[in-house]
Each structure stands twice: as C-alpha cells, then as structure tokens.
Amino acid sequence: MKTVVLVDDEQRMLDLLELYIKPHGYTCMKMKSGHEALQFLDREHADIVLLDVMMPEMDGWETCERIRAFSNIPIIMLTARDAAQEMVKGLKKGADDYITKPFNEDVLLARIEAVTRRVHNQDNHVIFRGLKLNESAYEAHYNTKTIPLTPKEFSLLCLFLKSPDHVYSRDHLLSTIWGFKTDTEDRTIDSHIRNIREKLRHAGFPADQHLKTVWGIGYKWSSVGLI
C-alpha cells in the first residue's frame, strides 16, 4: 500500500480526502499543519503529499518549498484559488500538480496515480565512482553493499554529490536540511558528517578522500582523489 500524507488545517477536509482515497489502497497520514508534515516526512517514508495552500502560520507554498529542501516526494497542492498566477507559484515552489477545490473524486485519484507514476518512473539516481543514491527509495549503495543512512544523512550526502567541490557552510546546511528547526545547533551537522564518513568507510568507500572539512567554514565533497 502507498502512503499519502494529507496536510490541511480543516479536519473536515482531511476526513473527506481519506474517505475518497483510502478505499483505493492508500494509507492516509493526516496532518493539520505544515510543521507537523515536515516533522513526519523527516522521520518516515511516504509516497505522495496532498498539500492545502491556505493554512495559518505556515502556508502550503512555504511547506512545499521546505519539503523540497530535503525530499523529492511528489506533491499535489489543493486550493480553492484557481487564478493562474497562484498555480504557477505553487509549481515554481516545487509542486508536481495543482488541483482546485471542489474537486471530482475520480479526477483526484487519477491525478495521484499520474503523478506517482511519472515521478517513480524517473531515474532518480545520483552516482559517483560506484557510490549510488536512489532518491526515490532513499537508498544508498556502494558497489554491491547497502549503506544504512538516516533521512538527514541521505539528504546531506545527496546535496554534496549533486554539487561536488562546492563549499557549504554549517549555517547553509542547517537552513537547507533543517530549515524549519531553528533550535538545531552546529554540532548536529558535525555529528551527521561523522556518521556519514563512518558508514561510507564501513562499506569500503574512501570517504576521507572526498568528504572534506573546510576549516572555519564547513564541508565539501571533493571530486578529485584516487580510488
């Protein structure tokens, strides 16, 4: 069964969405705020997010943008607004599709199936010298060995591999990966980097040749080094 994260500040809408979706083989996780959804997605796997736009404190656009900082999970935005500029704004924030309320049950299900099919059929892999990250499945491998990374460790490593030789400050990493959690401290980054290095070494990958500390600034992934 696929897991759908439903995000809406109205309980009635959450219950209605579950009523539509659950009978078609989906497990529904109901969240009443963007903060709650972000915390859930940081810890757990899900297959798609249905995200309301108009929510207090953190609206759907900001929630979408923050999810995109660490996850490629498909996102469909739901709103009563049908203005073209509103739809464009949501898509630019990282949404995969946009549905206006009220919506037809069959159309909603068809959109969910189309988005998950399109995203899951993409080759969401990042590869570096035998090290392979599967962004769709949140899986990491080095040659034939699996590397058991946490979601945060995976997101950090993926960020480094996508921009080799770029130096990231600790503040930048905190805002990108932990953007919504302002009480996270710099030493959390250092601890995660140590864990990534240890897990890469255990799998036989020469982590010290590539995951470098830039003293006084932060970290980078070096594209040079012999293997």
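Presented here is an overview of the structure given in this document.

Where helix α6 (residues 151–162) contacts helix α7 (residues 170–177), the two axes come as close as 11 Å, and the packing angle between them is 120°. With respect to their mutual orientation, α6 and α7 come out oblique. Crossing geometry of α6 relative to α7 is assigned as right-handed. Contacts between α6 and α7 involve K152, S155, L156, L159 and F160 from the first element and L173, T176 and I177 from the second. Split by residue class, the contact of α6 with α7 holds five nonpolar, two polar and one charged.

Here K101 and P102 are connected by a cis peptide whose omega angle stands at -5°. Residue position: P102 is located in the loop between β5 (97–100) and α5 (105–120). Here E57, not a glycine, exhibits a phi torsion of approximately 70°, which is positive. When you line up the elements, E57 lands in the loop between β3 (48–52) and α3 (60–68). Even without being glycine, Y138 reaches a positive phi, approximately 55°. One can find Y138 in the loop between β7 (131–134) and β8 (139–142). Judged by relative accessible area, Y138 falls into the partly exposed class, the value being 28%.

Turning our attention to the nonpolar core. L131, L157, F160, L200 and W221 are the most contacted members of the largest nonpolar core, which has 30 residues in total. Residue assignment for this core shows that the elements contributing at least two residues are β6 (125–128), β7, β8, α6, α7, α8 (186–202) and β12 (218–221). Here this core takes seven residues from α6, the largest share from any one element. In contact with W221, other than residues within four places in its own chain, are F128, L131, L157, F160, L161, P164, D165, H166, L200, F205, H210 and L211. Residues M31, A46, I67 and A95 belong to the second largest nonpolar core, which totals 22 residues.

The full count for this structure, using the stated rule, is 14 salt bridges. For the salt bridge of E10 with R12, the shortest nitrogen-to-oxygen distance reads 3.6 Å. R12 sits in the exposed class, given a relative accessible area of 56%. Of the charged contacts, one joins R68 and D96 as a salt bridge, the two residues approaching to 2.9 Å between their closest N and O atoms. Of this pair, R68 sits in helix α3 while D96 sits in the loop between α4 (84–92) and β5, placing them 28 residues apart in sequence.

A word on the side chain of K152. Topologically, K152 is positioned in helix α6. The buried category is assigned to K152, whose relative accessible area is 7%. Discounting residues that sit within four places of it in the chain, K152 has contacts with D42, I177, W178 and H192.

Mapping D97 onto the fold places it in strand β5. Judged by relative accessible area, which is 18%, D97 ranks as buried. Those residues in contact with D97 that sit more than four places away from it in its chain are I75, I76, M77, L91, R111 and V115.

This paragraph deals with the environment of G90. Tracing the chain through its elements places G90 in helix α4. Overall, the relative accessible area of 0% leaves G90 in the buried class. Excluding anything up to four places from it in sequence, G90 contacts W61, M77, A95 and Y98.

What counts as what
Residues numbered from 1 in each chain as written. Predicted model: local features only at pLDDT ≥ 70, side-chain atom pairs only at ≥ 80, totals over all residues. Heavy atoms only, no water. Axes fitted to C-alpha atoms, helices over the stretch in contact; angles between N-to-C directions. Helix = DSSP H or I, 4+ residues; strand = E, 2+ residues; numbered from the N terminus. Parallel < 35°, antiparallel > 145°, perpendicular 65-115°, else oblique. Left-handed = near helix turned anticlockwise from the far one by under 90°. Contact = heavy atoms within 4.5 Å. Nonpolar A, V, L, I, M, F, W, Y, C, P; charged D, E, K, R; others polar. Buried < 20%, exposed > 50% of the residue type's maximum accessible area, 1.4 Å probe, protein only. Core = buried A, V, L, I, M, F, W, Y, C linked by side-chain atoms within 4.5 Å. Salt bridge = Lys/Arg side-chain N within 4 Å of Asp/Glu carboxyl O.

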